[in-house]
Amino acid sequence: MENDSIQKIKNCAAQNAVPIVQDDALEFILDFIAKNGAKRILEIGTGIGYSAIMFAKRAADISIFTIEADAERYEQAKKNIASENLSGRITCFFGDALEFDFDEKFDLIFIDGPKAQYIKFFEKFKNNLSQGGAILSDNLFFHGMVQDLSLTHNYSTKKLVKKIRKYIEFLKTNEEFETQFFGQGDGISVSVVKTRMYEISD
């Protein structure tokens, strides 16, 4: 059961139209973290810190790097993280994720930032994945519009949906990664490096 402070963060997100990970998608990711022993997480798209906080609360030895491009959300995220006494385990970065470089390896990379940049995020940070790690991408259904473009008549939204479709095709045809798609939340994918079979000669 969520405590009052977490509910307050969720209420704040709803009141300010800040998208946060849906409950069943969150449970899916938390279960993935537990089953796979993910300890170091990179999150693209902090929002106001809700998902990073929930990831950190999953286990006391989890540490998170999270990047947010919106200044107001970034400041609110820092406040929320501090109020949960998690500033020591969640490091927030402000700016465009594509401008950051990390030497660290991560067990889980969670892509939940600007949808039009998903392919670029994937390509940029895939080399920061630890052996056996996974890249999770959220919001691949985009309110059902990815499956049915007629649900919107807004030109900019259609353009965005087409970019999400392009990302899905990128995942399906990627020669380095094997991707599974799941229906939790607004659509989520899990990408892992393909197992390579090596022929051993005498």
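In this text, all values refer to a predicted model and were calculated from it rather than measured experimentally.

A. Summary view of the nonpolar core. Residues I29, I33, F55, I64, I90, L108 and L136 are the most contacted members of the largest nonpolar core, which totals 34 residues. Elements with a minimum of two residues in this core: α1 (4–15), α2 (23–36), α3 (50–58), α4 (71–83), β3 (90–94), β4 (106–111), β5 (129–138) and β7 (188–193). Broken down by element, the residue count for this core peaks at 7 residues, all from α2. Listed in part, the 23 residues of the second largest apolar core include I44, F102, I111 and F122.

B. The packing of α1 against α3, seen in detail. At their nearest, the axes of α1 and α3 sit 10 Å apart, and the two run at 155° to each other. Considering the angle they form, α1 stands roughly antiparallel to α3. Helix-helix and strand crossings are classified by hand; for α1 and α3 the assignment is left-handed. Contacts between α1 and α3 involve I6, I9 and K10 from the former and Y50, I53, M54 and K57 from the latter. Per-class residue counts for the contact of α1 with α3 are 5 nonpolar, no polar and 2 charged.

C. Broad picture of the environment of V161. Mapped onto the elements of the fold, V161 is located in helix α6 (residues 155–172). Put simply, V161 and F141 are 20 residues apart on the chain and 8.8 Å apart in space, counted from C-alpha to C-alpha.

D. Structural context of the packing of aromatic side chains. Inspection of every chain in the model, using the stated rule, returns 16 aromatic pairs. Ring geometry for F100 against F102: centres 6.2 Å apart, planes inclined by 10°, an arrangement best described as stacked. Across the pair, exposure class does not vary: F100 and F102 are buried alike. On the numbers, 6.2 Å between centres and 35° between planes, the contact of F102 with F125 is tilted. On the criterion of sequence distance, the pair formed by F102 in the loop between β3 and β4 and F125 in helix α5 (residues 118–125) is long-range, its members being 23 residues apart. Cluster of aromatic residues (ring-pair linked, three or more members): F65, F93, F100, F102, F106 and F125. In this structure, R40 packs its charged tip against the face of F65, placed 5.7 Å from the ring centre. Cation over ring: K124 sits above F125, and NZ or CZ is 5.7 Å from the ring centre.

E. Structural view of the layout of surface pockets. Estimates place the volume of the largest pocket at around 600 Å³. For the lining of the largest pocket, the secondary-structure elements that each account for two or more residues are β1 (40–44), α3 and β2 (63–68). When grouped by side-chain class, the residues that make up the lining of the largest pocket number 15 nonpolar, 10 polar and 9 charged. Roughly 160 Å³ of volume is contained in the second largest pocket. Forming the boundary of the second largest pocket are C12, N16, V18, I48, D70, E72, R73 and Q76. Broken down by element, the residue count for the lining of the second largest pocket peaks at 3 residues, all from α4. Considering only residue class, the lining of the second largest pocket consists of 3 nonpolar, 2 polar and 3 charged.

The rules behind these values
Residues numbered from 1 in each chain as written. Predicted model: local features only at pLDDT ≥ 70, side-chain atom pairs only at ≥ 80, totals over all residues. Heavy atoms only, no water. Core = buried A, V, L, I, M, F, W, Y, C linked by side-chain atoms within 4.5 Å. Buried < 20%, exposed > 50% of the residue type's maximum accessible area, 1.4 Å probe, protein only. Helix = DSSP H or I, 4+ residues; strand = E, 2+ residues; numbered from the N terminus. Axes fitted to C-alpha atoms, helices over the stretch in contact; angles between N-to-C directions. Parallel < 35°, antiparallel > 145°, perpendicular 65-115°, else oblique. Left-handed = near helix turned anticlockwise from the far one by under 90°. Contact = heavy atoms within 4.5 Å. Nonpolar A, V, L, I, M, F, W, Y, C, P; charged D, E, K, R; others polar. Phe/Tyr/Trp six-rings, centres within 6.5 Å; stacked < 30°, edge-to-face > 60°. Lys NZ or Arg CZ within 6 Å of the ring centre and 35° of its normal. 1 Å grid on protein atoms, 1.4 Å probe; cavity = no way out; pocket = protein on both sides within 12 Å on 5 of 7 lines; lining within 4 Å. Points joined across faces, edges and corners; volume = space filled by probe spheres on them.

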